[in-house]
Amino acid sequence: MDKYVIRGGNPLHGDILVSGAKNAAVAIIPAALLCDEECIIENVPNISDVSICLRILYELGAQVDMLKKDTYRISCKGVRSFNVPYESAKQMRASYYFLGALLGKFGKARVSMPGGCPLGDRPIDQHIKAFNALGARHCNDHGMIDLAADKLRGNQIYFDVVTVGATMNAMLAAVKAEGLTIIENAAKEPHIVDLANFLNSMGADIMGAGTDVIKIRGVKYLHSTTYAVIPDQIEAGTFMVAAAATGGDVMVRGVIPKHLEPITKKMKKIGVNIEEFDDAVRVWVDGPLVKTSIKTQPHPGFPTDMQPQMATLLTLAEGTSIVTEGVWEQRFRYVDELRRMGADISVDGKVAVIAGTGKLMGAPVKACDLRAGAALVIAGLAAQGVTEIEDIHHIERGYGDIEEKLRGIGGCIEKVSSPSVRVKKAL
Ligand code: EPZ
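Basis of the calculations
- Residues numbered from 1 in each chain as written.
- Predicted model: local features only at pLDDT ≥ 70, side-chain atom pairs only at ≥ 80, totals over all residues.
- Heavy atoms only, no water.
- Near = heavy atom within 4 Å.
- Polar contact = N/O pair within 3.5 Å; in protein donor to acceptor, adjacent residues only side chain to side chain.
- Areas by Shrake-Rupley, 256 points an atom, 1.4 Å probe, with all protein chains shown as cover.
- Helix = DSSP H or I, 4+ residues; strand = E, 2+ residues; numbered from the N terminus.
- Nonpolar A, V, L, I, M, F, W, Y, C, P; charged D, E, K, R; others polar.
- Pairing = 2+ DSSP bridges.
- Axes fitted to C-alpha atoms, helices over the stretch in contact; angles between N-to-C directions.
- Contact = heavy atoms within 4.5 Å.
- Phe/Tyr/Trp six-rings, centres within 6.5 Å; stacked < 30°, edge-to-face > 60°.
- Lys NZ or Arg CZ within 6 Å of the ring centre and 35° of its normal.
- Parallel < 35°, antiparallel > 145°, perpendicular 65-115°, else oblique.
- Salt bridge = Lys/Arg side-chain N within 4 Å of Asp/Glu carboxyl O.
- Buried < 20%, exposed > 50% of the residue type's maximum accessible area, 1.4 Å probe, protein only.
- Core = buried A, V, L, I, M, F, W, Y, C linked by side-chain atoms within 4.5 Å.
- Left-handed = near helix turned anticlockwise from the far one by under 90°.

Draft legend 1. How the structure looks around the site of the ligand. Tyr96, Val164, Asp305, Val327 and Arg371 are the nearest of the 25 residues found near the ligand. Asn23 is positioned such that a nitrogen or oxygen atom in its side chain is 3.3 Å from an oxygen atom of the ligand. Between Gly165 and the ligand, the recorded distance is 2.8 Å, taken from a backbone N or O atom to an oxygen atom. Contact with the protein chains covers 90% of the free accessible surface of the ligand, which is 820 Å². The biggest single contributor to the shell around the ligand is helix H5 (residues 125-133), with three residues. Partitioning the shell around the ligand into residue classes produces eleven nonpolar, six polar and eight charged.

Draft legend 2. Representation of the sheet that holds strand E11 (residues 180-184) in the model. In space, the four strands of this open sheet follow the order E10-E11-E13-E12, with mixed pairing throughout. The open sheet has two edge strands, strand E10 (156-158) and strand E12 (205-207), and neither has a second partner. Geometrically, the sheet is characterised by an average inter-axis angle of 15° between neighbouring strands, direction not taken into account. Two elements, E12 and strand E13 (residues 213-217), share three bridges in a ladder whose sense is antiparallel. Considered in E13, the bridge of Asp205 is made with Arg217. Sheet contacts for helix H6 (residues 164-174): E10, E11, E12 and E13; angle to E13, the most-contacted strand, approximately 15°.

Draft legend 3. Main features of the packing of aromatic side chains. Throughout the structure, instances matching the rule amount to four aromatic pairs. Of note, Arg122 hangs over the ring of Trp328, and the distance from its end group to the ring centre comes to 4.5 Å. The cationic tip of Arg282 hangs over the ring face of Trp284; the distance from NZ or CZ to the ring centre is 3.8 Å.

Draft legend 4. Spotlight on the packing of helix H1 (residues 22-31) against helix H2 (residues 48-60). For the pair H1 and H2, interaxial distance at closest approach is 10 Å and the crossing angle is 5°. One element, H1, and the other, H2, form an angle in the roughly parallel class. Listed contacts from H2 to Lys22, Ala25, Val26, Ile29 and Pro30 of H1 are Asp49, Val50, Cys53, Leu54 and Leu57. Among the residues making up the contact of H1 with H2, the classes are represented as eight nonpolar, no polar and two charged.

Draft legend 5. Inspection of the pattern of salt bridges at higher detail. Inspection of every chain in the model, using the stated rule, returns 21 salt bridges. In this structure, the salt-bridge partner of Glu388 is Lys3, at a minimum N-O distance of 2.8 Å. One end of the pair, Glu388, is in strand E23 (residues 386-390); the other, Lys3, is in strand E1 (residues 2-7), with 385 residues separating them in the sequence. The class of Lys3 is buried, set by a relative accessible area of 10%. Between Asp65 and Arg73 there is a salt bridge, with the nearest N and O atoms lying 3.5 Å from each other. Salt bridges here are not isolated pairs; linked through shared partners, they connect Asp2, Glu396 and Lys415.

Draft legend 6. Spotlight on the nonpolar core. In this structure, Ile74, Phe98 and Leu199 are the most contacted members of the largest nonpolar core, which totals 80 residues. Counting 69 residues, the second-largest nonpolar core is a separate cluster that includes Ile234, Ile270, Ile345 and Ala372.

Draft legend 7. Highlighting the packing of H5 against H6. Direction vectors running N to C along H5 and H6 enclose 20°, while the axes themselves pass 8 Å from each other. In terms of their interaxial angle, H5 and H6 are classed as roughly parallel. Where H5 crosses over H6, the handedness of that crossing is right-handed. Here Gln126, His127, Ala130 and Phe131 of H5 come into contact with H6, specifically with Gly165, Ala166, Asn169, Ala170 and Ala173. Here the residues of the contact of H5 with H6 are counted per class, giving five nonpolar, four polar and no charged.

Draft legend 8. Quick look at the sheet that holds strand E18 (residues 293-295). Sheet architecture is open: four strands sit in the order E18-E19-E21-E20, paired in mixed fashion. Both edges of this open sheet fall to E18 and strand E20 (344-348), since each of them pairs with a single strand only. Neighbour to neighbour, the strand axes of the sheet diverge by 15° on average, direction disregarded. When strand E19 (residues 320-324) meets strand E21 (residues 351-355), the two strands line up antiparallel, connected through five bridges. The residue of E21 that forms the bridge with Val323 is Ala352. Helix-sheet contacts for helix H10 (residues 307-314) involve E18, E19 and E21, and the interaxial angle to E19 is about 170°.

Draft legend 9. Looking closely at the environment of Arg110. Looking at where Arg110 falls in the secondary structure, it is placed in strand E7 (residues 108-112). Here Arg110 falls in the partly exposed class, since its relative accessible area comes to 23%. Sequence separation between Arg110 and Met144 is 34 residues, and the spatial gap between their C-alpha atoms is 6.3 Å. If near-sequence neighbours (up to four positions away) are discounted, Arg110 is found in contact with Phe82, Asn83, Val84, Asp141, Met144, Ile145 and Asp146.

Put into structure tokens, the structure is as follows:
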């Protein structure tokens with residue numbers, strides 16, 4: 001079992017480069033199934049969720065070639081299978097995008113119910129509602145979701161909740177359906193726009209992505225493309241918070257500052273200095289951090305995927321902050337781990353009250369999900385002493401080369417596997 005060992009207390013300094021967005025890449029890679037030629041996808045992050053997506057494509061019969069560390073050529077012309085088994089799908093939530101992509105390609109799909117971070121109830125009723133509206137029948141057969149349509153036809157889809165996954169899945173299924181699909185109450189995250197841009201670059205006809213009404217006129221054929229995934233705003237935000245939490249001065253490069261606005265605004269409010277450039281943000285701290293209130297919401301609200309990291313920063317601020325989780329039922333499971341590091345946080349349902357203590361101390365902790373793990377990395381970098389984080393496979397799902405990147409700005413973080421730790425102890 002690998003773990004991160006972090007010696008905290010060093011202010012981070014220097015330049016750090018952000019990779020492609022996980023939540024865009026995990027939809028764009030399955031979307032390659034819809035391409036009738038081959039496509040090249042650039043700026044693909046080096047994370048385990050992407051490896052799983054690429055492996056599923058390969059198992060379905062696609063040809064997948066790595067051209068560079070972050071660039072893949074994908075040809076799905078030879079794909080005949082529409083079956084994504086449990087072993088592959090259970091490993092990540094985003095396996096549900098194979099439902100929409102395979103349905104769009106073949107008019108049928110058989111995909112295991114998805115896995116992913118344990119954040120409370122994660123239904124997929126809105127995904128199914130969209131597939132049904134387009135003419136697909138569905139059934140749950142021993143943990144496998146079966147979809148089949150005689151013909152996919154455009155339709156009006158109204159989502160009862162704002163959902164990223166169902167919005168993207170509806171786009172994937174509708175892009176080659178006959179006629180016009182109108183998605184209402186659509187999610188507006190930057191990765192929704194990125195998926196639409198990718199599909200449009202192959203000849204799809206999608207308008208309105210980034211607003212709450214998306215119109216898709218079905219096309220018969222999608223041609224080849226070369227497309228670069230947008231930068232990951234959550235990875236960028238995580239590095240921004242790490243810079244602030246350690247009292248450092250960091251230039252976070254390769255970002256789209258507009259995508260970071262909900263994060264930037266909150267960080268400025270608590271006293272962090274942020275200067276925006278064309279494709280970079282400089283983050284530094286030269287005074288005390290102060291309390292605030294945060295409520296996570298769908299974009300353009302404050303992103304839930306930054307909630308644990310910001311809560312960690314608020315443990316270092318003066319005063320009592322209130323953090324309300326507005327998207328997921330259970331996204332405070334990391335709080336017990338932060339308490340081990342000296343944080344004073346109480347949780348009541350979806351609300352956390354954080355009494356800033358101004359400091360954290362190193363401790364052995366466990367990552368319980370991806371962003372919880374990112375929060376513990378930040379806490380470890382800011383804390384006095386040594387923090388050991390177990391279950392880092394959660395972190396590797398969404399942060400590529402995180403130790404190298406953080407070491408590049410002065411973070412003292414190392415990945416060690418337990419056997420070598422045992423050897424060291426024995427010595
Ligand atoms: C995506 O999850 C992200 N995952 C999550 O990122 C992110 O937290 C979430 O969007 C919100 O931004 C991927 O993109 C792979 P939703 P998703 O559908 O699509 C309810 C991370 O850390 N809902 O927008 O699964 C649901 O229960 C992860 O990177 C239904 O009720 O989220 C939730 O309360 C974790 N029925 C809300 O909508 C449905 O059919 C938003 O979920 C679907 C969702």
